[in-house]
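This is what each chain is made of:
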Amino acid sequence: MSNDRRLSAPGQLQTGDDFATSGIVTAELPDVPLAEFARAHGLRVAAERPQVVRYLKHLWLRRHFIMAFATARNIALYTEARLGQLWQVLTPLLNAGVYFLVFGVLLHVSRGIPDYLGFLVTGVFVFNFTSRAFIASSTVVTESLPLIRALRFPRAALPLAYVMIEFEQMLLSMAVLAVILVCTGEPITWYWLLAIPVLLLQTIFCVGVGLASARLGANVNDYSQLLPFLMRTWMYLSGVLYNISTLDIGPRYVAILQINPAAIYITLMREALMASQRQSQPGAQPYNALKCATWKHFKAAPYLDWSAYCRPITDPNHYWFYAIAWALLAIVLGFFFFWRAEAQYGRG
Amino acid sequence: MDADKPMVVVDDLHVVYRVFGAGGDRGTAATALLRIMGRKTRGSIREVHAIRGVSFVAYRGDAVGVIGRNGSGKSTLLRAVAGLLPPERGNVYTDGEAALLGVNAALLDDLTGERNVVLGCLAMGMTKKETKEKFPAITEFSGVGDFIDLPMKAYSTGMGSRLRFAIAASKSQDILLVDEALATGDAEFRVKSHARIQELRKDAGTVFLVAHNLEEVEQTCNRVIWMERGKIVTQGEDVIGIIDRYIAASGGAPVERDPVTGKRIHARVPLKT
């Protein structure tokens, strides 16, 4: 809240409010101005937000609180459902099933993509993590208002806990994904280990956006209403269901879509887990105009893998650079954005 | 220990609430659209000037009672001292951390009492080990018994506030702010919490107590702040004097007091014969 709209000095007590207080010894205030008096005795402004380093230290001291809060929320989330914790596995499975039915079986978006089921499910799970970090964090301040109003602790602990919940959910989803991939004949290779750094970078990114989203959700009432639509638009733009490089929108826009954070983490995860993705990504083979044109024309077996002979629009080697850059940008900006309003949360 | 050490200094404090959706605007889509288009700026926001220039100093070991009618700004004052409401003007200075206990300060309703105790302790900055050590004492103090493994939404109002008090009072806070939290407790719990507040005072903390039960204030507090319409009418260590004036101003019958000790004399209701 800004202080620029200050109020004029309050009026005197009206006549009806004059209370008989004669004969009572009123406590004397100190002679010096109170601000000086307070400072001289080493008192601090109550609603002041702590400096960044002190804030981070307090946050670190609350790490057990963050974990306990995440676990407790997670349990509370599923206690009402009869199947309980099983929903943690069922939700991603059903999600993937619906998308596969609509886009894989009914609409044939899968044209030109080998191993479409694995491609789709990886995309859905990875994108869900990002979008859940946005959506869940947007309500964390309003949902935890009683806690915020009762106890003093660094408020960033709350969105952090919410992202931890989504991270736990993501780990389970990854286990489900691994089973699906093995069932669809994907070989288990050392490349799978690359999923770990991808997941770590994405988690850092999610913590950053979670912090930003928490402040927006607390300050702007319309934000959480708008968010699901924004997320759905973002999903359709990020190649969850299709291959971005097949879009006919010109190389510049394709490149922009390819380096957006959601698409970056999805692509890296697909390349870590799926052999066909590693082999068929544009640029994986030396450029061959004829083979590339054949793939673009048919987009069907046996030419599915020939997109590898096309020129890459964005150099795949740069994907890791973008993944790191997005993660750092999100965590730094998100943290400062959240921290700046630290004293405002909970005023309601 | 230095008894003259100030713990809370409130310097010309003003607190303003901004309330959305106050009268005039019927909240229809059309009015919202007009607002967005800038024709009617902030039409439905009303400002409530809840605290209007309050100054006082509370010292180490003080138990300060805050009295006044509903809506006089008592709870707002406590929330400002806790650092939960930023002041519009003026400042609140405190030495150390403040914890606020209020009637509606439920923790997490859909979690069990047990989890709430653990979360509360960890949020207050205790380590895992400290939490484990304090846990039996907290449940014992709260007296909720077997209900400890039920979700807090299954608790009665009194049980909920007892557990919350037990959690917040488990750590010796520098400043403990109690807002009507004891009002819903039963007689036995009041005795216990009264004793605990005295203990916390001895631990060199400062306690603020908002209560409509004036006898409770009389027994617990050594200072009183009387507020009306966001301002202090009077404040001081003459607890009995101020309370008697407050009762008179509210139109209540004067309290009969022992002329020497100042203690209340409770008239016995004569038995019907």
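Just so it is clear, the structure is predicted and the values come from calculations on it, not from any experiment. (Residues numbered from 1 in each chain as written. Chains lettered and ligands numbered in written order. Predicted model: local features only at pLDDT ≥ 70, side-chain atom pairs only at ≥ 80, totals over all residues.)

(A) The arrangement of the overall build of chain A in detail. Scanning chain A from terminus to terminus reveals 15 helices and one strand. Rg of the C-alpha trace for chain A: 27 Å, well past the compact-globule value of 20 Å for 348 residues, more than 25% over. Residues classed as buried in chain A amount to 39% of the 348 residues present. For chain A, contacts bridging at least 24 residues in sequence account for 81% of all contacts bridging at least 6. (Helix = DSSP H or I, 4+ residues; strand = E, 2+ residues; numbered from the N terminus. Rg over C-alpha atoms; globule rule 2.2 N^0.38 Å. Buried ≥ 20, exposed ≤ 12 C-beta atoms within 10 Å, placed from the backbone. Contact = placed C-beta atoms within 7 Å.)

(B) Up close: the overall build of chain B. Broken down by element type, chain B carries eight helices and nine strands. Looking at chain B as a whole, 46% of its 273 residues are labelled buried. When contacts within chain B are restricted to residue pairs at least 6 apart in sequence, long-range pairs at least 24 apart make up 70% of them.

(C) Molecular detail of unusual backbone geometry. Positive phi, close to 50 degrees, is recorded for aspartate 115 of chain A, a residue that is not glycine. Phi is positive for arginine 229 of chain B, which is not a glycine, with a value near 50 degrees. Along the chain, arginine 229 of chain B falls in the loop between strand E8 (223–228) and strand E9 (231–236).

(D) Layout of the environment of valine 332 of chain A. Counting through the fold element by element, valine 332 of chain A comes out in helix H15 (residues 319–340). Each C-alpha atom of the pair valine 332 of chain A and proline 228 of chain A lies 24 Å from the other, and the pair is 104 residues apart in sequence.

(E) Just the interface of chain A and chain B, in detail. Taken residue by residue, the interface counts 45 residues in chain A and 58 residues in chain B. Elements that contribute at least two residues to the side of chain A that touches chain B include exactly helix H1 (34–40), strand E1 (44–45), helix H3 (63–78) and helix H7 (145–150) of chain A. At six residues, the largest contribution of residues to the side of chain A that touches chain B is made by H3 of chain A. For the side of chain A that touches chain B, the residue count by class is 31 nonpolar, seven polar and seven charged. Two elements, E1 of chain A and strand E4 (residues 89–94) of chain B, share two bridges in a ladder whose sense is antiparallel. Across the sheet, valine 45 of chain A pairs through a bridge with tyrosine 93 of chain B, a residue of E4 of chain B. (Nonpolar A, V, L, I, M, F, W, Y, C, P; charged D, E, K, R; others polar. Pairing = 2+ DSSP bridges.)

(F) Representation of the pairing of strand E6 (residues 175–179) of chain B. All names here are of chain B. Most of E6 sits out of view: five of its five residues are buried. Of the two faces of E6, both are covered, the one formed by Ile175, Leu177 and Asp179 as well as the one formed by Leu176 and Val178. Inspection of the sheet shows E6 paired to strand E7 (residues 206–210) by five bridges, in the parallel sense. Note that in E7 the partner of aspartate 179 across the bridge is valine 210.

(G) Molecular detail of the environment of phenylalanine 147 of chain B. All names here are of chain B. Tracing the sequence through the fold places phenylalanine 147 in the loop between helix H4 (128–142) and helix H5 (157–169). On the basis of neighbour counts, which here come to 20 C-beta atoms within 10 Å, the residue phenylalanine 147 falls in the buried class. For the pair phenylalanine 147 and glycine 236, spaced 89 residues apart in the sequence, the C-alpha separation amounts to 42 Å. Excluding anything up to four places from it in sequence, phenylalanine 147 contacts Gly113, Tyr155 and Met159.

(H) Summary view of the nonpolar core. Among the nonpolar cores identified, the biggest contains 159 residues, and Ala323 of chain A together with Val81, Leu119, Leu177 and Leu209 of chain B are the most heavily contacted of them. Sorting elements by how many residues they give to this core places helix H5 (residues 116–138) of chain A first, with 13 residues. When residues no more than four places from it in sequence are discounted, the contact partners of alanine 323 of chain A are Val198, Leu201, Ile264, Tyr265 and Leu268 of chain A. Residues Trp306, Ala308, Tyr309 and Cys310 of chain A belong to the second largest nonpolar core, which totals five residues. (Core = buried A, V, L, I, M, F, W, Y, C linked by C-beta atoms within 7 Å.)

(I) Structural detail: the environment of valine 144 of chain B. All names here are of chain B. If you trace the backbone, valine 144 turns up in the loop between H4 and H5. Spatially, the C-alpha atoms of valine 144 and glycine 158 are 9.7 Å apart, while their sequence positions differ by 14 residues. If we skip the residues at most four places from it in the chain, valine 144 touches Gly113, Thr139, Met159, Arg162 and Leu163.

(J) Up close: the packing of helix H3 (residues 113–123) of chain B against H4 of chain B. Residues and elements named next belong to chain B. It is the contact of H3 with H4, at a shortest axis distance of 10 Å, that shows an interaxial angle of 125 degrees. Relative to H4, the element H3 is oriented oblique. Crossing geometry of H3 relative to H4 is assigned as right-handed. Along its contact with H3, which presents Val117, Val118, Cys121 and Leu122, the element H4 presents Thr131, Lys134, Phe135, Ile138 and Thr139. Per-class residue counts for the contact of H3 with H4 are six nonpolar, two polar and one charged. (Axes fitted to C-alpha atoms, helices over the stretch in contact; angles between N-to-C directions. Parallel < 35°, antiparallel > 145°, perpendicular 65-115°, else oblique. Left-handed = near helix turned anticlockwise from the far one by under 90°.)

(K) Representation of the packing of helix H9 (residues 195–219) of chain A against H15 of chain A. Residues and elements named next belong to chain A. The geometry of H9 relative to H15 is characterised by a closest axis approach of 7 Å and an angle of 25 degrees between their N-to-C directions. In this view, H9 runs roughly parallel relative to H15, as classed from their interaxial angle. Once H9 is placed against H15, the crossing between them reads as left-handed. Where H9 approaches H15, its residues Val198, Leu201, Ile204, Phe205, Val207, Gly208, Val209, Leu211, Ala212, Ala214 and Arg215 are matched on the opposing element by Ala323, Ile324, Trp326, Ala327, Ala330, Ile331, Leu333, Gly334, Phe335, Phe337 and Phe338.

(L) View of helix H10 (residues 223–237) of chain A. In this model H10 of chain A runs 20 Å from its N-terminal to its C-terminal C-alpha over 15 residues, within 8% of the 21 Å that 1.5 Å per residue would give. Two residues or fewer after H10 of chain A comes glycine 239 of chain A, characterised by a positive phi angle close to 65 degrees. (Expected span 1.5 Å × (residues − 1).)

(M) View of the confidence of the model for chain A. Residues and elements named next belong to chain A. Taken as a whole, chain A shows an average pLDDT of 84; of its residues, 91% reach a score of 70 or greater. Least confident of the elements in chain A is H7, whose mean pLDDT is 76; most confident is H15, at 95. Taken together, the stretch residues 1–16 has pLDDT below 50 and engages in 13 contacts with residues farther than four places along the chain or on a different chain. (pLDDT = per-residue confidence, 0-100.)

(N) View of helix H4 (residues 87–106) of chain A. Residues and elements named next belong to chain A. Over its 20 residues, H4 runs 26 Å from end to end, which matches the ideal 28 Å to within 8%, given 1.5 Å per residue. Taken residue by residue, H4 has Pro92, Ala96 and Gly104 as its buried positions. Where H4 is buried, its residues touch H5 and helix H8 (157–183). A positive phi of about 55 degrees marks histidine 108, the residue just after H4.

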